[in-house]
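# A structural walkthrough
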Amino acid sequence: FSDSPELQFPIFITFLSVYLIIVFSNLIIFVTIVLFSPLHTPMYIFLCNLSVIDILYTSTILPKLLAMLLTQCKTISFLECFMQIYFFLSFAGAEVLLLAAMSYDRYVAICHSLHYLILMSPKLCARLVFAVWVLGLLDPVAFMVLIANFSYCHSHHIDHFFCDITPLLKLTCSDTFPVELCIYIYGTVLGVSAFTLTLISYVFIISTILNIQSASGRNKAFSTCTSHITCVIIFYGTMISLYMRPASTYSPQQDKFFALLYIILIPMMNPLLYTLKNKDFKNIFKQLIKGVNFCTQLIIFVMDER
């Protein structure tokens, strides 16, 4: 981000603050959903998994970046580099699938509200979550094997703040066509199919909302989807801009900017988007605040008595 030594520490503090906000905000959502049984519904179970994914895929990048900024040691081992790529793509793929599952959940909740508990049964919810994690971890394996067997003869300098596929392909003297083809197949099978499912779900959702007679009913139905729609637009927009294009159009500065969007912005936005306008979370947070205030007053009272 900068070669000026005096800027390294302020940049380190900035990214450390962002990382702590991402981890703690998503961790609060995860713990809240796990501890409070009224939130044990499909929508919140998916949100719980989204928080875990956001923590994990941010943690594959930012801790190493923070270490480089603090120590100025900007090297990464061959194995560490490929592990970083694999886990990052796995968690990103899992998020794509989870966003699709969440859109289906919203479709059932709005378009088939009377049959929601039957259609989105706990068994189906568990299967969807299991499929999200398994497919996310398996999908990148094919082109990771291809990349690992490449010869890297041009340079060992990766022009990025983490190991990503596109800047890594710029370093190889091997034929990159098989990997580029694999990326497009991976993007089509996983990304496009998940995006298509999301798009179809929202076509039916919007159609159903527009047929609701009362304005208050339409606003209430639409408010349950706005957070998810915002996350989908930002996530897919950055992913398509980065990966669904030829390597010849690679622009280091542009890619770093888009990478920051989905590594930092999306995990920071998700907790805010899904909790600020959520009545269930607001009620629970009010209960927690009341509980904390009661405990504080009790401690003060006991100390005063002593």
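Residues numbered from 1 in each chain as written. Predicted model: local features only at pLDDT ≥ 70, side-chain atom pairs only at ≥ 80, totals over all residues. Heavy atoms only, no water.

In the nomenclature of an unreviewed UniProt entry, the protein is known as Olfactory receptor of Pelobates cultripes. Listed under Subcellular location (unreviewed entry) in UniProt, the entry text for the protein is "Cell membrane". The record in UniProt for the protein states the following under Sequence similarities (unreviewed entry): "Belongs to the G-protein coupled receptor 1 family." (UniProt positions renumbered as here; feature names shortened; annotations may be inferred.)

Another point: the pattern of salt bridges. Using the criterion set out here, one finds two salt bridges in the structure. Linking Glu80 and Lys64 is a salt bridge whose minimum nitrogen-to-oxygen distance equals 3.8 Å. Note that Glu80 is positioned in helix H4 (residues 78–111) and Lys64 in helix H3 (residues 62–71), a separation of 16 residues in sequence. Across the pair Asp105 and Arg106 runs a salt bridge, and its minimum N-O distance is 2.9 Å. Across the pair, Arg106 and Asp105 agree in class, each one buried. (Salt bridge = Lys/Arg side-chain N within 4 Å of Asp/Glu carboxyl O. Helix = DSSP H or I, 4+ residues; strand = E, 2+ residues; numbered from the N terminus. Buried < 20%, exposed > 50% of the residue type's maximum accessible area, 1.4 Å probe, protein only.)

What follows concerns the packing of aromatic side chains. Taken as a whole and assessed by the stated rule, the structure comprises 10 aromatic pairs. For the ring pair Tyr57 and Phe88, a centre distance of 5.7 Å and an interplane angle of 75° mean the geometry is edge-to-face. Highlighted residues: Tyr57 in helix H2 (residues 42–59) and Phe88 in helix H4, separated in sequence by 31 residues. Look at Tyr57 and you get buried, because its relative accessible area is 1%. Since its relative accessible area comes to 1%, Phe88 is described here as buried. Summarising the aromatic geometry, the rings of Phe87 and Phe91 are spaced 6.0 Å apart at their centres and angled 25° between planes, so their arrangement reads as stacked. With Phe87 and Phe91 both in helix H4 and four residues apart, the pair spans about one turn of that helix. Clustering of aromatic rings is evident, with ring pairs tying together Tyr57, Phe88, Phe161 and Phe162. (Phe/Tyr/Trp six-rings, centres within 6.5 Å; stacked < 30°, edge-to-face > 60°.)

With that out of the way, let us pick up the state of the cysteines. Applying the stated criterion across every chain, the model contains one disulfide. The disulfide partner of Cys81 is Cys163, and the S-S distance across this bridge is 2.1 Å. Its S-S torsion of approximately -120° makes the covalent link between Cys81 and Cys163 left-handed. On the criterion of sequence distance, the pair formed by Cys81 in helix H4 and Cys163 in the loop between helix H7 (141–148) and helix H8 (165–169) is long-range, its members being 82 residues apart. (Disulfide = S-S within 2.5 Å.)

In the numbering used here, UniProt assigns the "transmembrane region" (unreviewed entry) feature to residues 12–36, 43–62, 82–104, 124–147, 183–210, 222–245 and 257–276. Taken end to end, residues 12–36 has its terminal C-alpha atoms 36 Å apart, with 96% of it in helix and 0% in strand. Helix makes up 100% of residues 183–210 and strand makes up 0%, while its end C-alpha atoms are separated by 38 Å.

Here we come to the environment of Gly93. Along the polypeptide, Gly93 turns up in helix H4. Take Gly93: its relative accessible area is 2%, and that puts it in the buried class.

Roughly 910 Å³ of volume is contained in the largest pocket. For the lining of the largest pocket, the secondary structure elements donating two or more residues are helix H1 (5–35), H3, H4 and helix H11 (252–275). Partitioned by chemical class, the residues of the lining of the largest pocket number 17 nonpolar, 10 polar and five charged. (1 Å grid on protein atoms, 1.4 Å probe; cavity = no way out; pocket = protein on both sides within 12 Å on 5 of 7 lines; lining within 4 Å. Points joined across faces, edges and corners; volume = space filled by probe spheres on them. Nonpolar A, V, L, I, M, F, W, Y, C, P; charged D, E, K, R; others polar.)

Phe143, Leu168 and Ile263 are the most contacted members of the largest nonpolar core, which totals 83 residues. Element by element, the count of residues in this core is highest for H4, at 18 residues. Excluding anything up to four places from it in sequence, Leu168 contacts Cys81, Phe82, Ile85, Ile147, Tyr152 and Ile158. (Core = buried A, V, L, I, M, F, W, Y, C linked by side-chain atoms within 4.5 Å. Contact = heavy atoms within 4.5 Å.)

All right, on to H3 then. Here H3 has its buried residues at Leu62, Lys64, Leu65, Leu66, Met68 and Leu69. At the exit of H3 stands Gln72, carrying a positive phi of roughly 65°.

Peptide bonds are trans in most cases, and residues, glycine excluded, mostly fall at negative phi. Residue Gln72 is not a glycine yet carries a positive backbone phi of 65°. Tracing the backbone through its elements, the reader meets Gln72 in the loop between H3 and H4.

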